[in-house]
Amino acid sequence: MHGLVIKNTGSWYTVKTDEGSVIESKVKGNFRLKGIRSTSPVAVGDRVHIVKNAEGTAFITEIEKRRNYIIRKSTNLSKQSHILAANIDQVFLVVTVNYPQTSTTFIDRFLASAEAYRVPVVLLFNKVDLLNEDELSYQAMLVNLYESIGYECHQICAASPQGDRGEQLDILLPLMKDNVTLLAGNSGVGKSTIINHFVPDAEVRVAQISDAHNKGMHTTTFSEMLLLPKGGYLIDTPGIKGFGTFDMEPEEITSYFKEIFRYSQHCRFNNCTHTHEPGCAVIKAIEEGHIALSRYESYLGMLEDKEEGKYR
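What you are looking at is a predicted structure, and each value in this text was computed from that prediction instead of being measured.

Q: Outline helix α1 (residues 104-116), supporting the account with residue identities and numerical values.
A: If you check α1, its first and last C-alpha atoms are 18 Å apart, about what 13 residues at 1.5 Å a residue would give, namely 18 Å. In terms of burial, α1 is largely enclosed, as 11 of its 13 residues are buried. Thr104, Phe106, Ile107, Asp108, Arg109, Phe110, Leu111, Ala112, Ser113, Ala114 and Ala116 are the residues of α1 that are buried. After α1 finishes, the residue arginine 118 shows a positive phi value of roughly 55°.

Q: Describe the pattern of salt bridges, naming the residues involved and giving the relevant values.
A: Enumeration over the complete set of coordinates arrives at 8 salt bridges. When the shortest N-O distance is used, the salt bridge between lysine 177 and aspartate 178 registers 3.8 Å. Residue classification places lysine 177 among the partly exposed positions, given a relative accessible area of 47%. Using a relative accessible area of 54% as the deciding quantity, one classes aspartate 178 as exposed. Between arginine 295 and glutamate 259 there is a salt bridge, with its nearest N and O atoms 2.7 Å apart. With a gap of 36 residues between them, arginine 295 in helix α8 (residues 293-308) and glutamate 259 in helix α6 (residues 258-264) connect regions that are remote in the sequence. Residue arginine 295 is classed as buried on the basis of its relative accessible area, which comes to 0%. Its relative accessible area of 4% is what places glutamate 259 among the buried residues. Through salt bridges with shared partners, a single ionic network connects Asp18, Arg47 and Glu64.

Calculation rules
Residues numbered from 1 in each chain as written. Predicted model: local features only at pLDDT ≥ 70, side-chain atom pairs only at ≥ 80, totals over all residues. Heavy atoms only, no water. Helix = DSSP H or I, 4+ residues; strand = E, 2+ residues; numbered from the N terminus. Expected span 1.5 Å × (residues − 1). Buried < 20%, exposed > 50% of the residue type's maximum accessible area, 1.4 Å probe, protein only. Salt bridge = Lys/Arg side-chain N within 4 Å of Asp/Glu carboxyl O.

Taken by themselves, the reported measurements are silent on function.
Next up, the structure:
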């Protein structure tokens, strides 16, 4: 029997079969012996084969080949990975300039990981209504930066979806129709509010911001695919605190930063690391203001990760 994994609670997986039934399933033990170095070998969005058992549940016996996935280094087990979702058409990365603050380091690491698997990312700058003039100016600068690189950006207020402040949320509907969209971001950036707008019967709990640290409190503890009323799926995931890159070689990282890769074609040396070499077109582009320093610092941070085994 074949099906789609629509929910992952850590020990159980909810599988929607091709016949339309929903079955709670577990992984057969030998999966963990096949070299899948992951906190969970099965991800939401996976196509799987299952075998029903006498108890009315099922065993997952095979994962079909993935088209793509978004992966990060597990925070507590640095040699293992955490797959957020598989077989996705796009990501909506929700970021906030404040309440809480999303760092450019986090944004750039996520974008680089998505580039590695050719997953398009749309940036949603949420909580426009809470920002003061300086913060709005900073957000406009970030939007300009990421749009100039080639990423679609929207400035929204999920708490006021009709566009009283920022763009209307429904501007995203054509992008979502018949697509599998992963909704990702730090805790507290407003993912649950967005989900409640598009899938009203999901009744996702809305996070409160921790006053002490201006950080979001985790409300989603598992990943789930939610069927959109007009076709397609929206995948809800737990809030991500950090984004450690996984299984990237240093020479590959350049190609995951679109604008750095463009300028790297003009470097004197083919194996230029863009850190110290003479005739480096990337360093020249930074000095001339064609590449943002924040993006270059994110690139250097990912190089250091690989060299030192760090996680950030």
